[in-house]
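Tertiary structure, described
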Amino acid sequence: MSGDSDQNIQTLIFTWFSWLKTTQAMHADREELLQTAPLKIPAVTSYIFDQLEKMAHEQLNLAQQELSKNKIRILSNKYDQGEYFVIWQQRGKTDLSRYDMNTLAPQIQENMNQLFNSLPPKK
């Protein structure tokens, strides 16, 4: 495979993984907010979380479709000693991608910003 192709594969996998972690982070944030809020969260706040999570899952599904188009299958992902390992396969070749939190956290935040910025503006 050429370097460009390898780079494209790594970008597709990183995009998918960052959206996976974004959806998980949003869910965890929501649960923490629900558990620590001194008052019951108003329905409108819950609705906003629902919409953001739905949009994040849509992005995750789009990233998964890109992997499928490129015949990339995710076999597993694990967290160990401060790094995430994604094991994937393409055309019979199994490989491993590694991401540390210094790389992943800014992308998760960027994904969340993208979602917040796509909400309708306040009137």
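For the structure, check the block above.
Summary of the structure given here. A quick note: this is a predicted structure, and the numbers were derived from the prediction, not measured.

Description of the overall build of the protein chain
- Of the regular secondary structure elements, the protein chain holds 3 helices and 3 strands.
- The helix and strand sequence of the protein chain, counted from the amino end, reads α-α-β-β-β-α.
- Evaluated residue by residue, the protein chain yields a buried proportion of 29% over its 123 residues.
- For the protein chain, the proportion of contacts with a sequence separation of at least 24, taken over those separated by at least 6, is 56%.
- Here the protein chain displays about 8,300 Å² of accessible surface, and carbon together with sulfur accounts for 52% of that area.

What to know about the nonpolar core
- Core analysis: the biggest nonpolar cluster contains 23 residues, and Ile-13, Trp-16, Phe-17, Ile-72 and Val-86 have the highest contact counts within it.
- Those elements that place two or more of their residues in this core are helix 1 (3–36), helix 2 (43–69), strand 2 (83–90) and helix 3 (101–117).
- Examining the composition of this core, we find that 9 residues originate from one element, helix 1, more than from any other.
- With residues near it in sequence (within four places) discarded, Val-86 still touches Ile-13, Trp-16, Phe-17, Ile-74, Ser-76, Asn-77, Asp-95, Leu-96, Ser-97 and Tyr-99.

Digging into the environment of Lys-69
- With respect to the secondary-structure elements, Lys-69 resides in helix 2.
- Reaching out from Lys-69, the side chain makes a polar contact with the side chain of Glu-66 at a distance of 2.8 Å.

Describing the packing of aromatic side chains
- Evaluation of the coordinates by the stated rule reveals 5 aromatic pairs.
- Judged by centre distance (4.6 Å) and plane angle (55°), the ring pair of Tyr-79 and Tyr-84 falls under tilted.
- We classify Tyr-79 as partly exposed; its relative accessible area is 48%.
- Ring-pair connections join several aromatic residues into one group, and the members of that group are Phe-14, Trp-16, Phe-17, Tyr-79, Tyr-84 and Tyr-99.

A closer look at the side chain of Lys-21
- When you line up the elements, Lys-21 lands in helix 1.
- Of the buried charged residues, Lys-21 lacks a salt bridge, with Asp-29 as the closest side chain of opposite charge at 13 Å.
- When residues no more than four places from it in sequence are discounted, the contact partners of Lys-21 are Tyr-84, Leu-104 and Ile-108.

A word on the pairing of strand 1 (residues 72–80)
- Note that strand 1 and strand 2 share 8 bridges and pair antiparallel. Bridged to Ser-76 within strand 2 is Ile-87.
- In this structure, the hairpin formed by strand 1 and strand 2 is closed by a connection of 2 residues, where Gln-81 is found at a positive phi of approximately 50°.

Some thoughts on a nonpolar patch on the surface
- A cluster of nonpolar side chains, Leu-75, Ile-87 and Leu-96, forms an exposed patch at the surface whose accessible area comes to about 210 Å².
- Note that Leu-75 resides in strand 1.
- Look at Leu-75 and you get partly exposed, because its relative accessible area is 36%.

Overview of the sheet that holds strand 3 (residues 93–100)
- Strand order in this open sheet of 3 strands is 1-2-3, and the pairing throughout is antiparallel. Where the open sheet ends on each side, the last strands, each with one partner, are strand 1 and strand 3. Shown here is a sheet whose adjacent strand axes are inclined to one another by a mean of 20°, direction ignored.

Reading the values: the criteria
Residues numbered from 1 in each chain as written. Predicted model: local features only at pLDDT ≥ 70, side-chain atom pairs only at ≥ 80, totals over all residues. Heavy atoms only, no water. Helix = DSSP H or I, 4+ residues; strand = E, 2+ residues; numbered from the N terminus. Buried < 20%, exposed > 50% of the residue type's maximum accessible area, 1.4 Å probe, protein only. Contact = heavy atoms within 4.5 Å. Areas by Shrake-Rupley, 256 points an atom, 1.4 Å probe, with all protein chains shown as cover. Core = buried A, V, L, I, M, F, W, Y, C linked by side-chain atoms within 4.5 Å. Polar contact = N/O pair within 3.5 Å; in protein donor to acceptor, adjacent residues only side chain to side chain. Phe/Tyr/Trp six-rings, centres within 6.5 Å; stacked < 30°, edge-to-face > 60°. Lys, Arg positive; Asp, Glu negative; His and termini not counted. Salt bridge = Lys/Arg side-chain N within 4 Å of Asp/Glu carboxyl O. Pairing = 2+ DSSP bridges. Patch = residues over 30% accessible without salt bridge, like charges linked within 9 Å, V, L, I, M, F, W, Y side chains within 5 Å. Axes fitted to C-alpha atoms, helices over the stretch in contact; angles between N-to-C directions.

Everything listed is a geometric property; what it means functionally is a separate question.
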